[in-house]
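# Observations on the three-dimensional arrangement
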Amino acid sequence: MTHPLHAHPLCRPEHLGAPIPDSPHAVSVCLPTWADIIGYEDKEPRVVDKMRTGYPRFFFHPLINEVRAVLKAEPGWDVLPFPDEAAATQCAALASGKAVAVDGLWAAYFSLENLPLARAFWQHAGRILSSRAAEDWLARRRLGAPDPALEKTFRDRLATWSAAPADRISLHPSGMAAIYTAFQTVTARRPGRRTVMFGFPYTDTLKILSKFGSGVEFFPRADKADLSGLAALLQQEEIAGLFCEFPSNPLLGTPDLPALHRIAAQRGVPIIADDTIGTFFNVDVLPHVDFVATSLTKAISGEGDVMAGALTVNPHGLFGANLPSTIPSSLYVRDLEVLERNSRDFPERMKIANANALELARFLESHPAVERVWYPGLDPSPVYDQLRKPSGGYGAVLSFLPRDAGQNTPRVFERLEVSHGISLGTSYTLVSPYVQLAHYHELAWVRQCGIDPHLLRVAVGTEPWEDLKKRFEKALP
């Protein structure tokens, strides 16, 4: 199961700004050096001007910018294109603008000073127009027609992997769009009520809860003390919904989902779990939650050239009767075509990546230059093993902290000959100083939550293990 990026990873200074993989629709970009990471965050022209692409929610794809140019906002105004009326209307409302239909596309127009508000919706809510949709609209001034038969084929495939009925799975333009849809659903049920984030999450989940909701109570460590604190909170306050990850990003923690479910069910609080790192292949969280949000961009695709998400509803949970009527699918047809093709070998890829990640975690844990490794398979929690499927493993993502990290992490990162990009789940290995990229402007707060800003996150691919081992041996001091 070879890939061109196995033998020729994008990790050298001359690769700055190159798409990962080599596709006009790549979702990652090479930032090869530590200085490039900092330069990207500081918006240095030296870095930003060389970026041919970027993660689509954070970086306006060149094709998206072409659409914006065609839509021609008036002087003092700006515009963002969206795939549907609801997304454009929500963005426009947030940015005090207006939503307009243009040749089968929806656009949110707003004053230029409100671009940061509109951009926050684009990034956090993730209901974006894809680069393929932009490409088609630019060529024909219309979008492709949906393919119900192909969608059924793909949802049936997801149903087989997730053990959920296919009509309880909806498709979305990104994983964050799936989370945002769940957020909208639970907050509509209990309007004006706060939400809970249990465990340190991927950055945009917490941003959704804090920016678009009525407030959020954050339990960053997800340990027994936080579980007790949650139980006390639910005794005192009606909560709209509880969000968590299984495992979490970037420390790969596993919250006690069965205990969370027992506590939340007593108060009618729905649980939304993001299983993107765990994957359908490895774990079954559905019996203990009401929604499972999955970024299909990651392991289900495996290639890194398409954005998509899935939202699965527990048919026995609080919202079991709500699909498909209230949460329609909204994935662009050409993205669906690519995703269906990419996903065909998902189980085979996961077996190899699981095995590689476990070997790498054990290697790093025993290496004298490594201070700590975070990976569910090193010391499996009883909860993880309870939810792990019989043929499942511990996932393909791990984080590690070199000794004397302030000095050594940049060196290890730059010496490591695997692709340097911000994503996960790909069949080729990716490494990133994740905390620097996701939390650069809030590093002190991240430290308070127990996370070292100098850790490296590795999304392990399907390279031959001995080859991967040699690359890490060479990079470590």
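Throughout what follows, the structure given in this document is the object of discussion. Keep in mind it's a predicted model, so treat the numbers as computed, not measured. (Residues numbered from 1 in each chain as written. Predicted model: local features only at pLDDT ≥ 70, side-chain atom pairs only at ≥ 80, totals over all residues. Heavy atoms only, no water.)

## A look at the packing of helix 9 (residues 175-189) against helix 10 (residues 203-212)
Viewed as axis vectors pointing N to C, helix 9 and helix 10 meet at an angle of 35 degrees, and their least axial separation amounts to 10 Å. Seen along the crossing, helix 9 lies across helix 10 with a hand that is right-handed. Between helix 9, through Met176, Ile179, Tyr180 and Phe183, and helix 10, the contact on the second element is made entirely by Asp204, Thr205, Ile208, Leu209 and Phe212. Residue classes in the contact of helix 9 with helix 10 are distributed as 7 nonpolar, 1 polar and 1 charged. (Axes fitted to C-alpha atoms, helices over the stretch in contact; angles between N-to-C directions. Helix = DSSP H or I, 4+ residues; strand = E, 2+ residues; numbered from the N terminus. Left-handed = near helix turned anticlockwise from the far one by under 90°. Contact = heavy atoms within 4.5 Å. Nonpolar A, V, L, I, M, F, W, Y, C, P; charged D, E, K, R; others polar.)

## Let's talk about the sheet that holds strand 3 (residues 77-82)
Pairing is antiparallel in the open sheet, where 3 strands are placed in the order 3-5-4. The strands lining the two open edges of the sheet, one partner per strand, are strand 3 and strand 4 (98-102). Each adjacent strand pair in this sheet contributes to an overall mean axis angle of 30 degrees, direction not counted. Each of strand 3 and strand 5 (105-111) is contacted by helix 6 (residues 115-125), which is oriented at about 10 degrees to strand 3, the strand it contacts most. (Pairing = 2+ DSSP bridges.)

## Some points on the environment of Asp385
Residue placement: Asp385 occurs in helix 16 (residues 382-387). In this structure the C-alpha to C-alpha distance between Asp385 and Arg415, which are 30 residues apart in sequence, comes to 35 Å. Sequence-distant contacts of Asp385, defined by excluding residues within four places in its chain, comprise Pro380 and Tyr394. Side-chain polar atoms of Asp385 contact the side chain of Arg388, separated by 3.2 Å. (Polar contact = N/O pair within 3.5 Å; in protein donor to acceptor, adjacent residues only side chain to side chain.)

## As for the layout of surface pockets
Considered as a void within the structure, the largest pocket measures approximately 1100 Å³ in volume. Along the walls of the largest pocket sit 50 residues, with Phe58, Gln123, Tyr202, Thr203 and Leu437 positioned nearest its centre. Elements that contribute at least two residues to the lining of the largest pocket include exactly helix 2 (34-41), helix 6, helix 9, helix 10, strand 11 (291-295) and helix 18 (434-439). Per element, the largest residue contribution to the lining of the largest pocket is 5 residues, and it comes from helix 6. Taken as a whole, the second largest pocket encloses approximately 550 Å³ of empty space. Forming the walls of the second largest pocket are 28 residues, and the residues nearest its centre are Arg221, Ala222, Asp223, Gly253 and Thr254. (1 Å grid on protein atoms, 1.4 Å probe; cavity = no way out; pocket = protein on both sides within 12 Å on 5 of 7 lines; lining within 4 Å. Points joined across faces, edges and corners; volume = space filled by probe spheres on them.)

## Notes on the nonpolar core
Counting residues in each nonpolar core, the largest one holds 77 residues, and the members touching the most others are Phe82, Trp122, Phe243 and Phe291. A per-element tally of this core places helix 9 first, with 7 residues. Judged by nonpolar contacts, the second largest core, of 64 residues, contains Val47, Leu234, Leu416 and Val418. (Core = buried A, V, L, I, M, F, W, Y, C linked by side-chain atoms within 4.5 Å. Buried < 20%, exposed > 50% of the residue type's maximum accessible area, 1.4 Å probe, protein only.)

## Observations concerning the packing of helix 5 (residues 85-94) against helix 6
Where helix 5 meets helix 6, the closest approach of the two axes is 8 Å, and the angle between their N-to-C directions is 145 degrees. Crossing hand, helix 5 versus helix 6: right-handed. Where helix 5 approaches helix 6, its residues Ala87, Gln90, Cys91 and Leu94 are matched on the opposing element by Leu117, Ala118 and Phe121. For the contact of helix 5 with helix 6, the residue count by class is 6 nonpolar, 1 polar and no charged.

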